[in-house]
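Topology and contacts: notes
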Amino acid sequence: NVLILDFGSQYTQLIARRVRELNIFCEIKPYNHLPEDLSIYKAVILSGSPFSVRAEDAPHPDLSQIRGKKPLLGVCYGAQYLAHFNGGSVEGSNTREYGRANLSYVKENEPFFDKISKGSQVWMSHADTIKQLPENTTRLASTHDVENAAYKFEGEETYAIQFHPEVYHSTDGKQLLENFLVHIAGVAQTWTPDAFVETTVKELKRKIGQDKVILGLSGGVDSTVAAILLHKAIGKHLHCIFVNNGLLRKNEFEDVLHQYKDMGLNVKGVDASARFLDALAGVSDPEKKRKAIGNAFIEVFDGESHLVEDAKWLAQGTIYPDVIESVSATGGPSATIKSHHNVGGLPDFMKLNVVEPLRMLFKDEVRRVGASMGVDKTLLGRHPFPGPGLAIRILGDITPEKVAILQEVDAIFINGLKEWGLYDKVWQAGAILLPVNSVGVMGDERTYEKCVALRAVESTDGMTADWVNLPYEFLQKTSNDIINKVRGVNRVVYDISSKPPATIEWE
Ligand code: XMP
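Under an unreviewed UniProt entry, the name given to the protein is GMP synthase [glutamine-hydrolyzing], and the source organism is Sediminicola arcticus. Recorded in UniProt for the protein, the comment headed Catalytic activity (unreviewed entry) runs: "XMP + L-glutamine + ATP + H2O = GMP + L-glutamate + AMP + diphosphate + 2 H(+)".

Some details on the overall build of the protein
What the protein contains, in helices and strands, is 13 helices and 18 strands. Computed over C-alpha atoms, the radius of gyration of the protein comes to 26 Å, within 12% of the 23 Å expected from 2.2 N^0.38 for 507 residues, which places it in the range of a compact globule. Its C-alpha atoms give the protein principal-axis dimensions of roughly 80 × 65 × 40 Å. Looking at the protein residue by residue over its 507 residues, the buried ones come to 40%. In the protein, the proportion of contacts linking residues at least 24 apart, taken out of those at least 6 apart, comes to 74%.

Brief notes about helix α2 (residues 77-84)
Where burial is concerned, most of α2 is hidden: 8 out of the 8 residues are buried. Every buried residue belonging to α2 is among Tyr77, Gly78, Ala79, Gln80, Tyr81, Leu82, Ala83 and His84, and all of these are buried.

Here's the deal with the UniProt feature "active site" (unreviewed entry) in the protein
Using the residue numbers shown here, the UniProt feature "active site" (unreviewed entry) corresponds to Cys76, His164 and Glu166. A maximum C-alpha distance of 11.0 Å places the annotated residues, which cover 91 residues in sequence, within one compact spot. Checked against the element boundaries, Cys76 lands in the loop between β4 (72-75) and α2. Beyond its immediate sequence surroundings of up to four residues, Cys76 is in contact with Ser9, Gly48, Ser125, His126, Gln162 and His164. Looking at the element boundaries, Glu166 is found in the loop between β9 (158-161) and α3 (173-184). Given 27 C-beta atoms within 10 Å, Glu166 falls into the buried group. Ignoring any residue separated from it by four or fewer positions in sequence, one finds Glu166 in contact with Tyr11, Leu14, Ile15, Arg18 and Gly173.

Side note on the environment of Thr190
Considering the arrangement of structural elements, one finds Thr190 in the loop between α3 and α4 (193-208). C-beta crowding within 10 Å serves as the criterion here: with 9 such atoms nearby, Thr190 is assigned to the exposed category. When the C-alpha positions of Thr190 and Ala79 are compared, they lie 28 Å apart, and in sequence the two are 111 residues distant. With residues up to four places along the chain from it excluded, the contact list for Thr190 reads Asn23 and Ala195.

As for the domain arrangement of the protein
The domains assigned to the protein are domain 1 (2-184), domain 2 (193-380) and domain 3 (399-494). Counting residues at the interface gives 5 residues for domain 2, matched by 6 residues for domain 3. The residue makeup of the side of domain 2 that touches domain 3, split by class, is 2 nonpolar, 1 polar and 2 charged.

Side note on the nonpolar core
One finds Val213, Leu215, Leu230 and Val409 to be the most contacted residues of the largest nonpolar core, which totals 75 residues. Sort the elements by how many residues they give to this core and helix α5 (residues 221-234) lands first, with 9 residues. The two domains that each donate at least three residues to this core are domain 2 (193-380) and domain 3 (399-494). Excluding its chain neighbours within four sequence positions, the residues that come into contact with Leu215 are Ser223, Ala226, Ala227, Leu230, Leu238, Cys240 and Ala315. One finds Leu14, Leu82, Ala150 and Leu177 within the second-largest nonpolar core, a separate group that totals 60 residues.

Some remarks on the pairing of strand β3 (residues 43-46)
Because side chains alternate across β3, one face comprises the buried residues Ala43 and Ile45, and the other comprises Val44 and Leu46, equally buried. Strand direction decides the pairing type here: β3 and β4, joined by 3 bridges, are parallel. Along β4, the bridge assignment pairs Ile45 with Leu73.

Some remarks on unusual backbone geometry
A cis amide bond links Lys499 to the next residue, Pro500, at an omega of -15°. Mapped onto the secondary structure, Pro500 falls in the segment after β18 (489-494). The omega torsion across Pro500 and Pro501 is 5°, close enough to zero to call that bond cis. Note that Pro501 resides in the segment after β18. The phi angle at Lys115 is positive, at roughly 65°, despite the residue not being glycine.

Brief notes about the confidence of the model for the protein
Overall, the predicted model of the protein reaches an average pLDDT of 93, with 96% of residues at or above 70. Of the regions scoring below 50 in pLDDT, residues 329-343 engages in 4 contacts with residues more than four places distant in sequence or in other chains.

A few points about the sheet that holds strand β12 (residues 267-271)
Note on sheets: strands pair through backbone hydrogen bonds, and any given pair is parallel or antiparallel. The parallel open sheet is built from 5 strands, whose spatial order is β12-β11-β10-β13-β14. Looking at the sheet topology across the chains shown, the edges are occupied by β12 and β14 (353-355). Direction aside, neighbouring strands of the sheet carry axes that sit 30° apart on average. Here strand β11 (residues 238-244) pairs with β12 via 5 bridges, running parallel. Bridging across to β12, Ile241 finds its partner in Lys268. Lying over the sheet, helix α8 (residues 286-306) contacts β10 (212-217), β11, β12 and β13 (311-315), oriented at roughly 145° with respect to β11.

Thoughts on the packing of helix α12 (residues 400-419) against helix α13 (residues 472-485)
At a closest axis distance of 10 Å, the pairing of α12 and α13 adopts a crossing angle of 150°. One way to sum up the angle between α12 and α13 is to call them roughly antiparallel. Crossing of α12 over α13 shows right-handed handedness. Contacts from Val409, Ile412, Phe413 and Gly416 of α12 reach α13 at Phe474, Lys477, Thr478, Asp481, Ile482 and Lys485. Considered class by class, the residues forming the contact of α12 with α13 number 5 nonpolar, 2 polar and 3 charged.

The rules we used
Residues numbered from 1 in each chain as written. Predicted model: local features only at pLDDT ≥ 70, side-chain atom pairs only at ≥ 80, totals over all residues. UniProt positions renumbered as here; feature names shortened; annotations may be inferred. Helix = DSSP H or I, 4+ residues; strand = E, 2+ residues; numbered from the N terminus. Rg over C-alpha atoms; globule rule 2.2 N^0.38 Å. Buried ≥ 20, exposed ≤ 12 C-beta atoms within 10 Å, placed from the backbone. Contact = placed C-beta atoms within 7 Å. Domains from an automatic or database assignment. Nonpolar A, V, L, I, M, F, W, Y, C, P; charged D, E, K, R; others polar. Core = buried A, V, L, I, M, F, W, Y, C linked by C-beta atoms within 7 Å. Pairing = 2+ DSSP bridges. pLDDT = per-residue confidence, 0-100. Axes fitted to C-alpha atoms, helices over the stretch in contact; angles between N-to-C directions. Parallel < 35°, antiparallel > 145°, perpendicular 65-115°, else oblique. Left-handed = near helix turned anticlockwise from the far one by under 90°.

Given below as structure tokens:
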């Protein structure tokens, strides 16, 4: 197990993902909540940070239980921290150092830089620079602008690097992490999907025994993989509920239900479309739509969960990014559904014990775990789809007619992406029904009909995203198909906005 101490960098989760890619388990903890039991960690990594070590409020945890006692790697802020508080000097640099650079010097015969040579591309992102190294250290690498790009403390396994090995643009970043964790720290590479499945199934069996578990399936990757794991552990004692909120993609309810049955899961499909559409009638405000859908879901799910007698557990597909304690106090949208309710008014299903078999996994790991259990590739490769579904892709109020139009448009777009071999190159795609009508001509008639926007983005986590440069021929064909086949639409546009400053969804 490896400990990553988070100083608030936007890249901290990436460090963890790179470490996990080496089949090494790691945990992220905030710098100000150092775990009490450090004996379980074989190595420690200090992350980057938006802070400057020169600022008065700079994070300055006591590392005396770590430094010199375990292999330690400081990245960016971590490297400056180790310099600044040990007699080195860190100063604001004249030129802010962002983006790619190449190593212009690498110390020879240095295990830390094994298989990494001069010229290797690294990614810099810092405003401060280490002007002078502390005593008893050795410079290990430089770039053109950054003399002290890497150094180590003599007589201990403490290393520091100014660049970010965790971002893909640092070409040998993974090799460097491997050098440090595997060859220097001697951490075992045993964190594999198969091992995870084996230990998790065992643990679930022990924890749940013969109790009944309820799980809400969404058709998405996380809830599906959670269900399969539980099914392996407790078989028929797992009761899955899949609610049709009437805002799914065309035929999705039937198709997904069918797929689940093929997997041997015990799934009850509940078609509550009418109830959701009723709750949404006349609602235009995006947040009110989300609330209305959330409330309707709770009512439907609560009703259904009562039909499972003596259920003791509620399973959720929560994943690691939702549970990492964040350094900034912003909280974020992952605060659980529970916080919206005072305890007395909790729906009954929320009084169940919660089991979250995926809570230590990143999304890409969930996919790998799913694959190792034989979950269908097309299911694992499905694009993310928002819980409120098409409701937040119909701008303005929602009617059954608008849902039907958008389902048709979306199906043409998504099926087209699949036919053209583009689906897997896109992180998320969908169509948006705009609240404007525009003039067109069809035959000799003037029309006054709806406009739809198509959106396709590439991303790794949805936090940042860029529009995908889809082939013009594909856009041309798709636009033609939509306008010719979907009654009520006479104009198609393609969204070319990145996130930030735009968002992926339009509401
Ligand atoms: P934005 O629009 O914020 O979306 O760039 C980022 C990712 O989050 C999804 N999204 C949601 N998912 N409930 C969800 O379950 C929501 O209310 C919601 N809003 C946005 C969006 O589809 C994208 O993947």
